[in-house]
Amino acid sequence: MTEAAIEDLVQQVAWLLLGATLIAIVARKIRVPYAVALVVGGLIVEETHIVGLPEIDPGLVLFAFLPPLLFDAAFRLEARELRLVARPVLLLAVPGVMITAAIVGGAVSLLLGVPLLVALLFGSVVAATDPVAVTGVIKQLGLPSRIAVIPEAESLVNDGMAITLYTALIGLAVTGGVDALGIVEIFGLEVLGGVAIGSVLGFVFSRLTGFVDDHLIEMMISTVLAYGSYLIADQVHASGALACVAAGLIHGSYGREVGMSGETSRLLDDLWEYLGFLANAILFLLVGFSVHIEDLVESAWPVVVAVGAVLVARVLVVEAVGRATAGGPFAAPASERAVYVWSGLRGALTIALVLGLPPETPQRDLLIAMAFGVVLFTLVVQGLTLPVLIRVLGVGRPAKGEPAGSPSLTEST
């Protein structure tokens, strides 16, 4: 990379950070989720061409921004709370992703005449709720953790599953061939390999942290773990996203017990909260920059079909998981299940995956327009109305005789 190219990149990042800062300040003042405000701000800039826009590189999104976002949420997730909701989270994130991809793919193929394998590939692109979008909106709503932990934890796991399914289907959609055994092998390697690599590195780096009593060095160890787990898994064709999540969960639970002082633990929480916020802000601006309204208008009917299919699939999956876990932590009233349905936001991950489709993918432009439509609808419409829905349904209000506040899942079970 030339000196001029490096200088141009630094300037673009600086302008992005300044823009994200100003938009976040305004969003806080008017009490709008900053994730939504950033997307709308980016969309306005793209449509008005006030300033030159940086080119969005799907590879940069996945390799530069996804690890800190995943690691941030995983590291600061309460392990005990996660264990209590492990069953519904895994059901939503594993079979739920596959069912969503199948429903969306079937609808797109049936109603729009898209080849089935290509339609299923699109289903995998929009199957997962986005960890960036979900955590960015949920955290600002002040929901009790017994309600917030499920969509947050689900979004951490299901993006890895969606990327794995996407990887398995992308070659088939381009070639038109079907190799069921090949899909199973790829899927198994991606999932099991990613979790194994992340778990091993999480334990090793947690023990390494125990030999150090310097918070700056421990911050570097944690940063190396986040990016290292993702990149190593990706190099061996395993799921980097699942590796990063597994490493973050172990480092944030086991690592705190064996190698961190109270001060270091707090500083690492602050570090990852900041890095997550930084990556979050840049990504949502880039999402806004990448959406073209004229393309959505030209593909209005396919976008409506895609959005409708995603919503129907989300309702069916949430209700199915609710029935399958009746009597457990997920046995929630209809009002809370409505929140789980409406918090199924899509974001930067969907954009990165659809832009990463090979140029020879059949009907690639149509898939991109539909994916952008789904992202824009879930972030803007669902993101803006989710707080209203929560207020109308009274979700999260203290029960009669219960003190005000935000009880944890462990307290409520």
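Provided above is the structure to which this section pertains.
Residues numbered from 1 in each chain as written. Predicted model: local features only at pLDDT ≥ 70, side-chain atom pairs only at ≥ 80, totals over all residues. Heavy atoms only, no water.

### Regarding the overall build of the protein
No. 1: Of regular secondary structure, the protein possesses 19 helices and 0 strands.
No. 2: Within the protein, the proportion of its 413 residues that are buried is 53%.
No. 3: Considering only contacts within the protein whose residues lie at least 6 apart along the sequence, 83% involve residues at least 24 apart.
No. 4: A total accessible area of about 18,000 Å² is found for the protein, and carbon and sulfur atoms account for 66% of it. (Helix = DSSP H or I, 4+ residues; strand = E, 2+ residues; numbered from the N terminus. Buried < 20%, exposed > 50% of the residue type's maximum accessible area, 1.4 Å probe, protein only. Contact = heavy atoms within 4.5 Å. Areas by Shrake-Rupley, 256 points an atom, 1.4 Å probe, with all protein chains shown as cover.)

### Topic: the side chain of Thr-209
No. 1: Locating Thr-209 in the fold gives a position in helix H10 (residues 180-210).
No. 2: Apart from the residues within four sequence positions on either side, Thr-209 is in contact with Glu-218, Ile-221, His-251, Gly-259 and Met-260.

### Things to note about helix H12 (residues 240-259)
No. 1: Across its 20 residues, H12 extends only 25 Å between first and last C-alpha, which sits more than 12% below the 28 Å expected from 1.5 Å per residue.
No. 2: At His-251, H12 shows its largest bend, some 35°.
No. 3: A large share of H12 lies buried, amounting to 14 of its 20 residues. (Expected span 1.5 Å × (residues − 1). Bend = angle between axes of the 7 residues up to and from the residue.)

### Some thoughts on the side chain of Ser-109
No. 1: The topology assignment puts Ser-109 in helix H6 (residues 95-112).
No. 2: With a relative accessible area of 19%, Ser-109 lands in the buried category.

### A look at the packing of aromatic side chains
No. 1: Tallied over the entire structure, the rule returns 4 aromatic pairs.
No. 2: Between Phe-71 and Phe-75, the aromatic rings sit 6.0 Å apart at their centres with planes inclined by 15°, giving stacked as the arrangement. Of this pair, Phe-71 and Phe-75 both sit in helix H3 (residues 58-75), separated by 4 residues, roughly a single helical turn. Each of the two residues, Phe-71 as well as Phe-75, counts as buried.
No. 3: Pairing Trp-342 with Phe-377 gives two aromatic rings, centres 6.5 Å apart and planes at 85°, and the pair type is edge-to-face. Taken together, the positions of Trp-342 in helix H16 (residues 334-342) and Phe-377 in helix H18 (residues 364-393) put the pair 35 residues apart, joining distant regions of the chain.
No. 4: Within the aromatic cluster, the residues linked to one another by ring pairs are Phe-71, Phe-75 and Trp-272.
No. 5: A cation over a ring is seen here: Arg-256 above Phe-75, with NZ or CZ 4.4 Å from the ring centre. (Phe/Tyr/Trp six-rings, centres within 6.5 Å; stacked < 30°, edge-to-face > 60°. Lys NZ or Arg CZ within 6 Å of the ring centre and 35° of its normal.)

### Quick word on the packing of helix H2 (residues 34-48) against helix H13 (residues 262-290)
No. 1: It is at 6 Å that the axes of H2 and H13 come closest, and there the two elements cross at 40°. What the angle tells us is that H2 and H13 run oblique. Two packed elements cross with a definite hand, and for H2 against H13 that hand is right-handed. Packed against H2, whose contacting residues are Tyr-34, Ala-35, Leu-38, Val-39, Gly-42, Leu-43, Val-45 and Glu-46, the element H13 presents Phe-277, Asn-280, Ala-281, Phe-284, Leu-285, Val-287, Gly-288 and Phe-289 at the interface.
No. 2: For the contact of H2 with H13, the class distribution of residues is 12 nonpolar, 3 polar and 1 charged. (Axes fitted to C-alpha atoms, helices over the stretch in contact; angles between N-to-C directions. Parallel < 35°, antiparallel > 145°, perpendicular 65-115°, else oblique. Left-handed = near helix turned anticlockwise from the far one by under 90°. Nonpolar A, V, L, I, M, F, W, Y, C, P; charged D, E, K, R; others polar.)

### Some points on empty space enclosed by the protein
No. 1: Enumeration according to the criterion identifies 2 cavities of 30 Å³ or more in this entry.
No. 2: The space that makes up the largest cavity amounts to roughly 60 Å³.
No. 3: Considering the residues around the largest cavity, the lining is formed by Leu-92, Gly-96, Val-97, Thr-100, Ala-127, Thr-129, Glu-154, Asn-158, Arg-314, Val-317 and Arg-346.
No. 4: Elements represented by at least two residues in the lining of the largest cavity include exactly H6, helix H9 (145-175) and helix H15 (300-324).
No. 5: Take the lining of the largest cavity: its biggest share by element is 3 residues, from H6.
No. 6: Residues belonging to the lining of the largest cavity are distributed by class as follows: 4 nonpolar, 4 polar and 3 charged. (1 Å grid on protein atoms, 1.4 Å probe; cavity = no way out; pocket = protein on both sides within 12 Å on 5 of 7 lines; lining within 4 Å. Points joined across faces, edges and corners; volume = space filled by probe spheres on them.)

### Some details on the nonpolar core
No. 1: Of all hydrophobic cores here, the largest spans 122 residues; its most connected members are Phe-71, Val-104, Phe-122 and Val-354.
No. 2: Top element by residues in this core is H9. It accounts for 15 residues.
No. 3: Those residues in contact with Val-354 that lie beyond four places of it in its chain are Val-125, Arg-364, Leu-367, Ile-368, Ala-371 and Phe-372. (Core = buried A, V, L, I, M, F, W, Y, C linked by side-chain atoms within 4.5 Å.)

### Points about the packing of helix H11 (residues 215-235) against H13
No. 1: Two numbers describe how H11 lies on H13: the axes approach to 10 Å, and their chain directions differ by 45°. Between H11 and H13, the crossing angle belongs to the class labelled oblique. Between H11 and H13 lies a crossing of right-handed hand. Here His-215, Glu-218, Met-219, Ser-222, Thr-223 and Ala-226 of H11 come into contact with H13, specifically with Thr-264, Leu-267, Leu-268, Leu-271 and Trp-272.
No. 2: Grouping the amino acids of the contact of H11 with H13 by side-chain chemistry returns 6 nonpolar, 4 polar and 1 charged.

### A few points about a negative patch on the surface
No. 1: A cluster of acidic side chains, namely Glu-47, Glu-294, Asp-295, Glu-298 and Asp-365, defines a negative patch on the protein surface.
No. 2: Broken down by element, the negative patch gets its largest block of residues, 3 residues, from helix H14 (residues 293-298).
No. 3: Looking at the secondary structure, you find Glu-294 in helix H14. (Patch = residues over 30% accessible without salt bridge, like charges linked within 9 Å, V, L, I, M, F, W, Y side chains within 5 Å. Salt bridge = Lys/Arg side-chain N within 4 Å of Asp/Glu carboxyl O. Lys, Arg positive; Asp, Glu negative; His and termini not counted. Charge placed at Lys NZ, Arg CZ, Asp CG, Glu CD.)

### Focus on the environment of Leu-349
No. 1: Summarising the element assignment, Leu-349 is placed in helix H17 (residues 348-355).
No. 2: Apart from residues no more than four positions distant in its own chain, Leu-349 is found in contact with Leu-62, Leu-66, Asp-130, Asp-159 and Ile-163.

### Some words on unusual backbone geometry
No. 1: In this model, His-237 sits at a positive phi of 65°, which is unusual for a non-glycine residue.
No. 2: Inspection of the secondary structure puts His-237 in the loop between H11 and H12.
No. 3: Of note in the backbone geometry, Gln-363 takes a positive phi value of approximately 55° without being a glycine.
No. 4: Here Gln-363 shows up in the loop between H17 and H18.

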